[in-house]
Structures are given as C-alpha cells and as structure tokens.
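# Structural characterization, general
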Amino acid sequence: ETIDCTGLHVLPGLIDSHVHLREPGDAAVETIATGTRAAVLGGLTTVFDMPNTNPSITTREKLDWKRDFVAGRAWCDIGFYVGAAKSNIAELAALEAEPNVCGVKVFAGSSTGDLLVEDDASLEAVMRSGRRRISYHSEDEYRLQARKPAYTTGMPHRMHAEWRDVECAFLGTRRLMALARKTGRPAHILHVSTAEELNYLKDFRDVCTVEVLLNHLTQTDEAYDRLGGYAVMNPPIRDARHMEAAWAAVADGTVDSVGSDHAPHSRAAKERPWPECGAGLTGVQTLAPLMLDHVNAGRLSLPRMVDLLNAGPARVFGLVGKGRLAAGYDADFTVVDMKKTRTIEESWIASPCGWTPFAGQSCTGWPVMTIIRGQAVMREDAVLGEPAGIPARFAP
Ligand code: DOR
Ligand code: ZN
Ligand code: ZN
C-alpha cells in the first residue's frame, strides 16, 4: 500500500507514558480495548498503563495476567507499571526487571485504588529495593490528612487549588528528593504541577526526571466554574501562575515528558458533589491534538513536542525499539495535518465513560493516521484491522 503524505508531517509514534486504563476493575468506564482504541484515534502508538486497578498490579501473578490479557485486545503497544505497596517491597526488584514493565509506581498520597506508601521508612525501603528509576506521585499524605477538616466542610470547586495548595505537592517532592540523594535511586516525578516544585527540581537533575501533564499546560482554575467535577483531578488544576511556570519549564528543558494522566470515572462519580466526586480526567485521545494546537499557537516547537511525547518517555523509561535506544526502531509513526482545524466532541470519545474536559475546544493540528509496525491502525478516524498491539519492551 502506498500512503500519500503530501502536505502532512510524519512524526515518530507518539507515546502517552501516563494512562489509567481501569482493567481489571472498572470496565464500565474504560478497558484495555477501549482505552487503546482511544489512543490510536488520538494518534498515539504506545501507552504506559498505571497499576491502580482493582485488583492492583502488585505481584508477578497479576502482571502475568495483564500481559496475557492484552493480547488480541490492545490496539496500540502497551507498557505496564507495577505498583509499590508495603506488602510487595521484597518483590519489587524482580518485578521491575520484567521486560514489559516500564517501572515501579509509588503513590505517596492516596488516590483511586488501594496503593499507598506514605511513611518515610517504607518509602526509603522502596527506594532501596531496585535500580531503575521509580515513578512517583508527588502529593503528601500527611499534608492531605492535616488538611482534611477544611476539605470536608464543603468548599466550592474554585477553592480546590487553594486547600491542596502548593505545599501539599511540594512537601512530597522535597521528601522524595531527600531520599533520592540519600539512597542514590533516581525518580521520575509524575505530574509536577507547581511553580515551586519546578524551580526546586532544577537543583536535583542528577536524581530526577520530570513529567508535566497536558491539563496543567492547558487549563487553569477557571475550569472549576465551567466544568465542576469534570475539572477535578490530582494534583489539581491550578491558577495561571503555575501554568506559566510549567510552560517555562517546558522551554528551559526541565520537563522530560508530557503525559495525559488519562483517568476515567463515570459521569455519576464526577457529578457527586464536592468533595466526593472522583478525581481524574480522560485525556489519552486528546493529548496529541491539544499538544499540536499548542504548537500551532507558538507555545512550543514541533521538535520539542516530539521530544516530550516520544524521545523523552523513551529515554526516561528505557523503552526499546521506539526511541533512541535501539539500533533499529519499530515503524511506528503519527501522521499529522498541521493545518486541520477541528473541534473536540464528546461523541468522538471512545472511552465508555463518554466525556472529555475539552469538549467544544477547537484544535488546529490533528493526527490523521496512526501507523504501528508499518501497519495503519487509524486513518481519518477509522480504526483499521485487528487489535495487534503488543507489550512494550524496556531495557533492564
Ligand atoms: O486525578 C487522578 N486520578 N490522580 C491520580 O493520581 C489517580 C487518578 C485515578 O486513577 O483516578
Ligand atoms: Zn498520580
Ligand atoms: Zn495518574
């Protein structure tokens, strides 16, 4: 088959290194099949799936189950995070060495699911358990607990960014960097969301890499008034000062990767009154269009975007065959039309939960084709062939 790409840009296959596909556990909002279908519709060729499912992915048995389960179901390639829990610290070194595991994920603040490693001693034991970079959810449980009284009195959505203010994330990040220096174990700090953390981390480049989320580059706290619970995520969307700091960190090289933190919840869960509404937003399908729109708006260059969505994650996680680590690469490509303008519509969303915080937003720059190992799996919104995604491989 000859593919005519006249007038289009051919990019290395784009990666979302931070998605929660909810399987096993919550097929009503998302599955491996639907989440990877959303990914290829949005121009992605690989995703890395988080372990806070039900049950969570914390043992070899669960990992083996998931690896076997994705065969014939995944539309794109998929890497697996293993969750750290106080019960599996002794197993973590062996699990992270598995070829399809992108890394160990640590939640230091409680989130969707039951994974939590919150005290210093357990966190240090996790840090000492292995060799590869750990991925860290940088919010601090102690701080969250301290804030609980204010949190439960029914604050308006707009206050979300205030009560979980900067300190909550900053405390977690400072704690982790102290442990990283002490143990020599590097960390990939997920969803860094404050100006304070980004500034602080400049002095820790020897032991950290940095992820920023698309939402924190795109939305500010006005979204709470507009979207209510459909703007609630952890860490929260904050005010414009933090968004500008995130863009500055993209520009000065502090940021290594941009993810979506795709985290579907049912409409019922999102519509529960604050603070009971589920935290997390869909994003795997809209990551590339919104980043391309940011490119067109002059926020970053196209090569820098490719760096953040392909070379960056490949380097941080040691992804083999799709970044700059192997002698040859898979023929994974995202073909984009930088001139195409289109509005994000909820009817386009492939996740069963059926909503996006970006409904109605117009983007210029769209993925028009997704090619995985030489085969077109998406072309002009049609998903083609069979789900032929395979587990991604990572350097030991
Ligand atoms: O907003 C979030 N949603 N933050 C997280 O850390 C977890 C995620 C989820 O799984 O719902
Ligand atoms: Zn997180
Ligand atoms: Zn997440």
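Residues numbered from 1 in each chain as written. Chains lettered and ligands numbered in written order. Predicted model: local features only at pLDDT ≥ 70, side-chain atom pairs only at ≥ 80, totals over all residues. Heavy atoms only, no water.

## Looking at the coordination of the zinc ion (ligand 2)
The expected angle between donors at a tetrahedral four-coordinate metal is 109.5 degrees. At an octahedral six-coordinate metal it is 90 or 180 degrees. Selection criterion: Note that water is not among the atoms used; donors are N, O and S atoms within 2.8 Å of the metal (3.2 Å for Na, K and Ca), so sites may look incomplete. The numbering of helices and of strands both runs from the N terminus, where a helix is a DSSP run of H or I of at least 4 residues and a strand a run of E of at least 2. Using a 1.4 Å probe on the protein chains alone, a residue whose accessible area is under 20% of its type maximum counts as buried, one over 50% counts as exposed, and one in between counts as partly exposed.
Distances from the zinc ion (ligand 2) to its protein donors, His-137 (ND1) and His-191 (NE2), fall at 2.0 to 2.1 Å. A separation of 3.6 Å is found between the zinc ion (ligand 2) and the zinc ion (ligand 3). With His-137 in strand 6 (residues 134-137) and His-191 in the loop between strand 7 (187-190) and helix 8 (195-201), the pair connects residues that are 54 residues apart, well separated along the chain. Side by side, His-137 and His-191 carry an identical accessibility label, which is buried.

## Examining the sheet that holds strand 4 (residues 77-83)
Stated formally: Being paired, for any two strands, means DSSP has found at least two bridges between them. In this description, a line fitted to the C-alpha atoms serves as the axis of each element, helices being fitted only across the stretch in contact, and the angle between N-to-C directions of two axes falls anywhere from 0 to 180 degrees. Residues are treated as being in contact if the distance between any of their heavy atoms lies within 4.5 Å.
If you trace the eight strands from one edge of the open sheet to the other, you get 2-3-4-5-6-7-8-9, paired in parallel fashion. Two strands lie at the open edges of the sheet, namely strand 2 (14-19) and strand 9 (257-259), each paired on one side alone. Averaged over all pairs of adjacent strands, the angle between strand axes in this sheet comes to 25°, irrespective of strand direction. By the bridge criterion, three bridges tie strand 8 (residues 208-213) to strand 9 in an arrangement that is parallel. Counted as the bridge partner of Leu-213 is Gly-259 from strand 9. Relative to strand 2, helix 14 (residues 302-317) is tilted by about 65°, and along the sheet it contacts strand 2, strand 3 (44-49), strand 4, strand 5 (101-107), strand 6, strand 7, strand 8 and strand 9.

## Topic: empty space enclosed by the protein
The line we're drawing: For each structure, a 1 Å grid was placed over the protein atoms alone; sets of points admitting a 1.4 Å probe that cannot get out are labelled cavities, open sets with protein on both sides within 12 Å along at least five of seven lines are labelled pockets, and lining residues have an atom within 4 Å of a point. Grid points are joined across faces, edges and corners, and a volume is the space filled by probe spheres set on the points. Side-chain classes follow a simple rule in which Ala, Val, Leu, Ile, Met, Phe, Trp, Tyr, Cys and Pro form the nonpolar group, Asp, Glu, Lys and Arg form the charged group, and the remainder, Gly included, forms the polar group.
Applying the stated criterion across every chain yields a total of two cavities of 30 Å³ or more. Approximately 60 Å³ is the volume attributed to the second largest cavity. Val-192, Ser-193, His-216, Gln-219, Ile-237, Arg-238, Asp-239, His-242, Met-243 and Ala-246 are the residues that line the second largest cavity. Sorting elements by how many residues they give to the lining of the second largest cavity places helix 11 (residues 240-252) first, with three residues. Per-class residue counts for the lining of the second largest cavity are four nonpolar, four polar and two charged.

## A closer look at the coordination of the zinc ion (ligand 3)
Protein coordination at the zinc ion (ligand 3) comes from His-18 (NE2), His-20 (NE2) and Asp-261 (OD), with a distance range of 2.0 to 2.1 Å. Sequence spacing among the residues donating to the zinc ion (ligand 3) works out to H-x1-H-x240-D. Assessed through its relative accessible area of 1%, His-18 is described here as buried. Asp-261 gets classed as buried once you look at its relative accessible area, which sits at 8%.

## Topic: the packing of helix 4 (residues 120-127) against helix 7 (residues 166-183)
Two numbers describe a pair of packed helices, the interaxial angle and the distance between the axes. We apply this condition: Each angle is binned into one of four classes, with values under 35 degrees roughly parallel, values over 145 roughly antiparallel, values of 65 to 115 roughly perpendicular, and all other values oblique. Whether a crossing is left-handed or right-handed is set by the direction in which the near helix is turned from the far one by less than a right angle, anticlockwise for left-handed and clockwise for right-handed.
At a closest axis distance of 10 Å, the pairing of helix 4 and helix 7 adopts a crossing angle of 45°. The angle between helix 4 and helix 7 falls in the class oblique. Taken as a pair, helix 4 and helix 7 cross one another with a handedness that is right-handed. When helix 4 is examined against helix 7, the residues Asp-120, Leu-123, Glu-124 and Met-127 are found in contact with a partner set consisting of Arg-175, Leu-176, Leu-179, Ala-180, Lys-182 and Thr-183.

## What about the packing of aromatic side chains?
For the record, the criterion: When two rings of Phe, Tyr or Trp (its six-membered ring) have centres within 6.5 Å they constitute a pair, described as stacked for plane angles under 30 degrees, edge-to-face for angles over 60, and tilted for the intermediate range. Over a ring means this: the NZ of a Lys or the CZ of an Arg is within 6 Å of the ring centre and within 35 degrees of the ring normal.
Summed over the entire model, instances satisfying the criterion amount to seven aromatic pairs. With a centroid separation of 5.2 Å and 75° between ring planes, the pair formed by Phe-48 and Phe-394 is classed as edge-to-face. With Phe-48 in strand 3 and Phe-394 in the segment after strand 13 (382-383), this pair connects stretches of sequence that are 346 residues apart. By relative accessible area, which is 5% here, Phe-394 ends up buried. When the ring of Tyr-230 is compared with that of Trp-355, the centres are 5.0 Å apart and the planes differ by 70°; the resulting orientation is edge-to-face. Of the two residues, Tyr-230 sits in the loop between helix 10 (222-227) and helix 11 while Trp-355 sits in the loop between strand 10 (333-343) and strand 11 (362-372), which places them 125 residues apart along the sequence. The ring of Trp-75 is capped by Arg-37, whose NZ or CZ atom sits 5.7 Å from the centre of that ring. Sitting over the ring of Phe-69, Arg-73 keeps its end group 3.7 Å from the ring centre.

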